[in-house]
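Next come the chains, spelled out residue by residue.
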Amino acid sequence: MNEQEFKQRTKQLALRVIKLVSSLPKNTVSEVIGKQLIRSGTSVGANYRAACRARSTADLIAKLRIVEEEADECLYWMELIVEAKLVDVANLRSIMSETNEILAMTVASIKTLIAKNPTANRK
C-alpha cells in the first residue's frame, strides 16, 4: 500500500468514526466516550499526514508512534462502547477490524524502519 492509499484509508476511518459517534445514544456516557473516540479516530489520519512530512527517519518513527498510539486508543474507546452495551458488537466489527489493520500496518512500518535504521530509534 502506498502513502496516498494509506492517507485515504486513515481518512475513511475518521469518517467512519464520525458516523459511529453520531449514531451513539444521546446520553452523558455516550457523549463523553464519543468525544474521546472522535479525537483519537480523527487523529490517526492527521498524524499519518504529519508523518508523511517527516524530516528524518527518526522524526518519521516518532510520528508513526503517535499514529500507533491514537489507533490503539481508538480501539480502546470502541471496546468500551461495546462493553458498556452502547452499540452491539456486530455493528462495530468492521470498523474495529479496519482500525486493527491500520494499527498493525503502522507497527510493521515502525519495525521495518528501525530494522533498516537502528540509530534512528534513539529519539
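Higher on the page you've got the structure.
Please read these numbers as outputs of a predicted model, since none were measured by experiment.

J.: Residues and numbers for a negative patch on the surface, please.
T.: Taken together, the side chains of Glu69, Asp72, Glu79 and Glu83 present a region of like negative charge at the surface. Structurally, the position occupied by Glu79 is in helix α3 (residues 57-83).

J.: Go over the nonpolar core, please, and point to the residues and values.
T.: Counting residues in hydrophobic clusters, the biggest one holds 30 residues, and the most contacted among them are Val17, Leu20, Leu37, Met78, Ile81, Leu92 and Ile95. For this core, the elements supplying multiple residues, two or more each, are α1 (3-23), α2 (28-51), α3 and α4 (89-116). Here the element with the most residues in this core is α3; it accounts for nine residues. Setting aside residues up to four positions removed in sequence, Ile95 forms contacts with Leu13, Arg16, Val17, Leu20 and Met78.

J.: Tell me about unusual backbone geometry, residues and numbers included.
T.: For residues other than glycine, phi is negative in most cases, and the peptide bonds are mostly trans. Phi angles above zero are rare outside glycine, and Lys85 is one such case at about 60 degrees. With respect to the secondary-structure elements, Lys85 resides in the loop between α3 and α4.

J.: Lay out the environment of Leu86 in plain terms, naming residues and giving numbers.
T.: Here Leu86 shows up in the loop between α3 and α4. Taking the C-alpha atoms as reference points, Leu86 and Ser23, 63 residues apart in sequence, are found 9.9 Å from one another. What Leu86 contacts, discounting residues up to four positions off in sequence, is Pro25, Asn27, Val29, Ser30, Ile33 and Ile81.

The rules behind these values
- Residues numbered from 1 in each chain as written.
- Predicted model: local features only at pLDDT ≥ 70, side-chain atom pairs only at ≥ 80, totals over all residues.
- Heavy atoms only, no water.
- Patch = residues over 30% accessible without salt bridge, like charges linked within 9 Å, V, L, I, M, F, W, Y side chains within 5 Å.
- Areas by Shrake-Rupley, 256 points an atom, 1.4 Å probe, with all protein chains shown as cover.
- Salt bridge = Lys/Arg side-chain N within 4 Å of Asp/Glu carboxyl O.
- Lys, Arg positive; Asp, Glu negative; His and termini not counted.
- Charge placed at Lys NZ, Arg CZ, Asp CG, Glu CD.
- Helix = DSSP H or I, 4+ residues; strand = E, 2+ residues; numbered from the N terminus.
- Core = buried A, V, L, I, M, F, W, Y, C linked by side-chain atoms within 4.5 Å.
- Buried < 20%, exposed > 50% of the residue type's maximum accessible area, 1.4 Å probe, protein only.
- Contact = heavy atoms within 4.5 Å.

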